[in-house]
Amino acid sequence: MTRNINYISMVVLAVACLAACGPKKRTEADAARKAAVTVDTTLYVRVDRLGADSAHVTALENSRRFTFGYTEAAQAGKLVGEVREGDTIAIMPDFKRHAVRQGVNVSMLTGLWMLEGGDGSGMRLLADGGAYTVGTNGVTLKSWRVLNGQMLVSYIMDDGSSYAELTDTSRIEVLEKDRLVMLLHGKQQTYHRNAGLITAGE
């Protein structure tokens, strides 16, 4: 009888411990997972009209219209590429201040870019988010987009080491009409515009 009581007590104690510790551990794990998720604050807009120091834009996702100041971001080097009427720009807006915190001219990014010293290797970025590899880069590009001011690219390895679609991000340091400089894993890559080469996907 005493042995049965002791056994029951042990079971009750174990259940109580699981009830007390289990949810806490799950909550901590959930919090860690949520912290690891990158919140995308990017807003794709079309520049309708430029003012002295602001841009009147329309959000592509819902056609809402906004006016954002952008000169402060441009002077701080947080705005990559020019601000031109009719262009699509991916911005990180500060709605309280009605200002652009960071931005990338998506229209200037689209097109064919050839890697400097890359023996004919490069990439073609389409306006609809599609991406194509030019030459032999070791990867097959699938898609691209701007995520919180950085360029996010999805690709598949050519060597068969993985058939899963992978993603990588790079920081755009320079975006000019015919020159693109990106920083990927601490390594700087320079591309030049090539409008005359025809590749698959056009």
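1. Points about the confidence of the model for the protein
In step 1: Per-residue confidence for the protein gives a mean pLDDT of 83, with 78% of residues at or over 70.
In step 2: In the model, residues 2-25 has pLDDT below 50 throughout and makes two contacts with residues more than four positions away in sequence or in other chains.
In step 3: Scored below 50 in pLDDT, residues 196-202 makes eleven contacts in the model with residues more than four places away or belonging to other chains.

2. Some words on the pairing of strand 11 (residues 150-157)
In step 1: Inspection of the sheet shows strand 10 (residues 139-147) paired to strand 11 by eight bridges, in the antiparallel sense. Counted as the bridge partner of Thr-140 is Ile-156 from strand 11.
In step 2: In this structure, the hairpin formed by strand 10 and strand 11 is closed by a connection of two residues, where Asn-148 is found at a positive phi of approximately 50°.
In step 3: Summarising the sheet, strand 11 and strand 12 (residues 166-175) pair through six bridges and their orientation is antiparallel. Bridged to Leu-152 within strand 12 is Thr-169.

3. Describing the pairing of strand 6 (residues 99-105)
In step 1: With respect to burial, strand 6 is a largely interior element, five of its seven residues being buried.
In step 2: As paired elements, strand 4 (residues 79-80) and strand 6 share two bridges and run parallel to each other. Its bridge partner lying in strand 6, Val-80 is registered against Val-104.
In step 3: With six bridges joining them, strand 5 (residues 88-94) and strand 6 adopt antiparallel strand pairing. Bridging across to strand 6, Ala-90 finds its partner in Val-104.

4. Let's talk about the sheet that holds strand 12
In step 1: What the eight strands build is an open sheet, ordered 9-8-7-14-13-12-11-10; its pairing is antiparallel. Of all the strands in the sheet, the pair left with one neighbour each is strand 9 (131-134) and strand 10. Taken pair by pair, the neighbouring strands of this sheet meet at an average axis angle of 30°, ignoring direction.

5. A short note on the nonpolar core
In step 1: Among the nonpolar cores identified, the biggest contains 22 residues, and Leu-109, Met-123, Trp-144, Met-151, Ile-172, Leu-175 and Leu-180 are the most heavily contacted of them.
In step 2: At four residues, strand 10 tops the list of elements feeding residues into this core.
In step 3: For Leu-109, the residues in contact, after removing those within four places along its chain, are Val-104, Leu-125, Trp-144, Val-146, Ile-172, Leu-175, Leu-180 and Arg-193.
In step 4: Judged by nonpolar contacts, the second largest core, of 15 residues, contains Val-57, Ala-59, Ala-73 and Val-100.

What counts as what
Residues take numbers from 1 onward in each chain, read along the sequence in its written order. Side-chain atom pairs in this predicted model are given and counted only at pLDDT of 80 or more, local residue features only at pLDDT of at least 70, and totals for whole chains, interfaces and linings cover all residues. With hydrogens and water stripped out, all remaining heavy atoms of the structure feed into the side-chain values. Values of pLDDT, which run from 0 to 100, indicate the predictor's confidence residue by residue. Residues count as neighbours in contact if any of their non-hydrogen atoms are within 4.5 Å of one another. Two strands qualify as a pair provided that DSSP identifies no fewer than 2 bridges between them. Helix and strand definitions follow DSSP, with helices as H or I runs of at least four residues and strands as E runs of at least two, each counted in order from the N terminus. Categorising residues by exposure relies on relative accessible area from a 1.4 Å probe, with only protein chains included: less than 20% of the type maximum marks a residue as buried, more than 50% marks it as exposed, and the intermediate range marks it as partly exposed. Convention adopted: a line fitted to C-alpha atoms gives each axis, helices being fitted over their contacting stretch, and angles between N-to-C directions are expressed from 0 to 180 degrees. Buried Ala, Val, Leu, Ile, Met, Phe, Trp, Tyr and Cys residues that are joined via side-chain atoms within 4.5 Å together make up what is termed a nonpolar core.

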